[in-house]
Amino acid sequence: MKKELYPWQETCLKHWFANNGRGIVQAVTGSGKTLLALTAAQQLEQKLKKPLQVKIVVPTSSLMWQWNRALREFLRPCDGYHKNIGLRGDGCKSSPDHKYMIYVINSARYELARQILTELKQGNFVLLIADECHHYSSGQNQLIFEFLPYIKENEAQFFSLGLTATLPSGQAGKDLCALLGKKVYTYGMSEASASHTVSKYDVFHIELAFRNDERNTYDELTEQLHLIYAKLLQRHPILEDLGHKERFEQLRQLCGSSDPQTAQMAAAWLGLTFKRKNLVCLASARMLCVGSLVRRLADQWTPGERILIFGERIRQADDLYLQLSAQYPGRVGRYHSQMGPQANKNTLERFRSGDLRILIACKSIDEGIDVPDASIGIILSGTSTQRQRVQRLGRIIRRQEGKNRALLYYLHIEGTTEESFFLPEHGETRSFDLKFCSEDQSFFHPAYEAASETYIRKLWRRGADKKQLREARHCLQAGSVRSDWLLDLSDAEKRIREAASVHNRNYWICMKNLKEP
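Thresholds applied
Residue indices begin from 1 for each chain and proceed along its sequence in written order. Given that the model is predicted, a residue must reach a pLDDT of at least 70 before its local features are reported, and side-chain atom pairs must reach 80 or more before they are shown or counted; all residues, however, enter totals for whole chains, interfaces and linings. The side-chain quantities take in all heavy atoms of the structure and omit both hydrogens and water. Only DSSP runs of H or I with at least four residues qualify as helices, and only runs of E with at least two residues qualify as strands; both kinds are numbered from the N terminus onward. Using a 1.4 Å probe on the protein chains alone, a residue whose accessible area is under 20% of its type maximum counts as buried, one over 50% counts as exposed, and one in between counts as partly exposed. Aromatic pairing here means that ring centres of Phe, Tyr or Trp (its six-membered ring) are within 6.5 Å. Orientation follows from the plane angle: under 30 degrees is stacked, over 60 is edge-to-face, and everything else is tilted. Only when the NZ atom of a Lys or the CZ atom of an Arg is both within 6 Å of the ring centre and within 35 degrees of the ring normal do we say a charge sits over the ring. Every axis in this analysis is a line fitted to C-alpha atoms, fitted for helices over the stretch in contact. Angles between the N-to-C directions lie between 0 and 180 degrees. Note on angle classes: values under 35 degrees are labelled roughly parallel, values over 145 roughly antiparallel, values of 65 to 115 roughly perpendicular, and the remainder oblique. Only heavy atoms matter for contacts: two residues are in contact if any of them lie within 4.5 Å across the pair. Any residue that is not Ala, Val, Leu, Ile, Met, Phe, Trp, Tyr, Cys, Pro, Asp, Glu, Lys or Arg is counted as polar, Gly included; the first ten are nonpolar and the last four charged. Take the number of residues in a helix, subtract one, and multiply by 1.5 Å to get its expected span. In this description, the arc belongs to the directions extending from the helix axis to the C-beta atoms. DSSP calls a pair of strands paired once it identifies at least 2 bridges connecting them. Should a side-chain nitrogen of Lys or Arg be within 4 Å of a carboxyl oxygen of Asp or Glu, the pair is scored as a salt bridge.

**Examining unusual backbone geometry**
A positive phi angle, near 60°, is found at Lys49, a position not held by glycine. With respect to the helices and strands, the residue Lys49 is situated in the loop between α2 (33–48) and β2 (52–58). Since its relative accessible area comes to 75%, Lys49 is described here as exposed.

**Quick notes on the packing of aromatic side chains**
Taken as a whole and assessed by the stated rule, the structure comprises 12 aromatic pairs. Clustering of aromatic rings is evident, with ring pairs tying together Trp8, Tyr185 and Tyr187. We note Arg306 situated over the ring of Phe351; from NZ or CZ to the ring centre the distance is 5.3 Å. Over the ring of Trp301 we find Arg357, and its NZ or CZ is 4.2 Å from the ring centre.

**Things to note about the packing of helix α16 (residues 466–479) against helix α18 (residues 502–515)**
Between α16 and α18, whose axes approach to 9 Å, the crossing angle comes to 75°. Relative to α18, the element α16 lies roughly perpendicular. Along its contact with α16, which presents Glu471, Ala472, His474, Cys475, Leu476, Ala478 and Gly479, the element α18 presents His503, Asn506, Tyr507, Cys510, Met511 and Leu514. Considered class by class, the residues forming the contact of α16 with α18 number 8 nonpolar, 4 polar and 1 charged.

**Thoughts on helix α15 (residues 446–461)**
For α15, spanning 16 residues, the distance from its first C-alpha to its last is 23 Å, which sits close to the expected 22 Å at 1.5 Å a residue. Turning to α15, its buried residues are Tyr448, Ala451, Ser452, Tyr455, Ile456 and Leu459. All buried residues of α15 fall inside an arc of 135° around its axis, so they share one side. When the buried face of α15 is taken as reference, the exposed residues oriented beyond 90 degrees from it are Trp460 and Arg461. On the buried face of α15, the contacting elements are α16 and α18. Positive backbone phi, at 90°, marks Gly463, one or two positions downstream of α15.

**Some words on the side chain of Ser483**
Within the element layout of this structure, Ser483 appears in the loop between α16 and α17 (489–498). In this structure, Ser483 is in contact with Asp202, Phe204, Arg405, Leu407, Arg430 and Phe432, ignoring residues within four places of it in sequence.

**A look at the pairing of strand β14 (residues 406–413)**
Most of β14 is tucked away: 8 of the 8 residues are buried. Neither face of β14 is exposed, since Ala406, Leu408, Tyr410 and His412 on one face and Leu407, Tyr409, Leu411 and Ile413 on the opposite face are all buried. Bridge count for strand β13 (residues 376–379) against β14 is 4 bridges, and the pairing is parallel. Within β14, the position partnered with Ile378 by the bridge is Tyr409.

**Quick notes on the environment of Tyr321**
Mapped onto the elements, Tyr321 comes out in helix α12 (residues 314–327). Each C-alpha atom, one on Tyr321 and one on Arg334, is 6.7 Å from the other, the two residues being 13 residues apart in sequence. The residues touching Tyr321, leaving out its near neighbours within four places in the chain, are Val332, Gly333, Arg334 and Ile360.

**A closer look at the pattern of salt bridges**
Taken as a whole and judged by the stated rule, the model has 18 salt bridges. A salt bridge links Lys55 to Glu119, with the shortest nitrogen-to-oxygen separation between them at 2.9 Å. Pair noted here: Lys55 is in strand β2 and Glu119 is in helix α5 (residues 112–121), with a separation of 64 residues, a long-range link. For Glu119, a relative accessible area of 9% corresponds to the buried category. In this structure, Asp355 and Arg350 form a salt bridge, with 2.7 Å as the shortest nitrogen-oxygen distance. Salt bridges here are not isolated pairs; linked through shared partners, they connect Asp202, Arg405 and Arg430.

**Structural notes on the sheet that holds strand β7 (residues 158–164)**
Ordered by their spatial adjacency, 8 strands build an open sheet running β4-β3-β5-β2-β6-β7-β1-β8, and the pairing between neighbours is mixed. Strand pairing shows two members of the sheet lacking a second neighbour, β4 (92–93) and β8 (183–187), which therefore form its edges. Where helix α1 (residues 7–18) meets the sheet, it contacts β1 (24–27), β6 (125–130), β7 and β8, and its direction lies at approximately 170° from that of β8. The sheet contacts of helix α3 (residues 61–75) involve β2, β3 (85–89), β4, β5 (100–104), β6 and β7, and relative to β3 the element is tilted by about 180°.

Written out as structure tokens, the structure is:
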């Protein structure tokens, strides 16, 4: 584990200590929240000059094991460090007297509050680290904080640190601040990108089109939705003044209306909405696009480069797994709730070791799972949840030795309710708009296509034969889904010198020539 702090972490710790060792830190996924928390515990104990008991709460067993690994690496220079770590969850039942205790929330609900209160009354100092703390605003999970009203006499002995990439707004956020302390620091994507805390990354928005029959079905569903909504609006004009989420919730509640017609119309509207969303999510162009995209990316795979594909439907993930496995036998894995815990665990380990280079996952992997680093992410079908977007981006932007630039591809269907942009802001990153043509499975970017055709004409005028032109077009196809053509000339020349094969060398020659005037 890297132990040197980034400047943002040092500043953040100053804010946390200034708030008497209590508060919430909101920092982008992959920026180093775990190291921040372990360093906070270490520095707090040094300031206190007395032993400190550290309680770490996580939402899932996977994160428990991730924290266990991180702790072992962090404490490794100490003699007998492993004896200081206890685990509660996933079948582990360590006694709570270990210096560092890691709890899965399901195990912490009914015992952690009592244990913390006992230790405080015994005169011990306690630090509670709440990882992914946005999970702990619900009624059941708040049970871990039941000790708070009873520690007034021992309040100076208690410290807390909440960690999250997405602190909830509204009442949920206020509840967490009341329990853990106010938000003491925010470290967003723009800051992380500008200061190189996370890897540089490019976002490619790829526009897809429905087949004719899919478009007709979508338009029919949309027309039916408009007709039903107009009738509901006559009965409940308040719907017009509500935001999207509030309107959806109101219509869901109307399904239980005492008025049978209202209830029937609301249920029909929700059913049609789901059917239309499913049509968009499972559009045939998505599978064609991902297959073609992966082929182009794999054409210039670098050592250690791995692809993480995010889907929304298990059926879709299974179909894509079969499709890609046929192209890359033994190099593709899948992760979703129907695979079973052990199968999913084995898949992640194979992905981490490099045995698998492509991992297809459903939204169960968005957070709370210890996913190995990847440098390429593909959003097979979109999500309207900002938390999922942040988590998915965080999976590919962690800094890693040898990683030059992370790539994120977001697929969306034109002319639908699906959002066409993955993030509202990108900081200093670059964004590209591509179109995918299902007929010839090609990707189109106006500036890139113009530069490519100009280069091909130059080669032809210089007397290049058919074999050379074919190789050039092959290389240019691979480059159409990357940003290598924008590399500085010196970087491109370096890649040419370091090329591992003739084809790889030809690729970088093409990229260099696209950059040259």
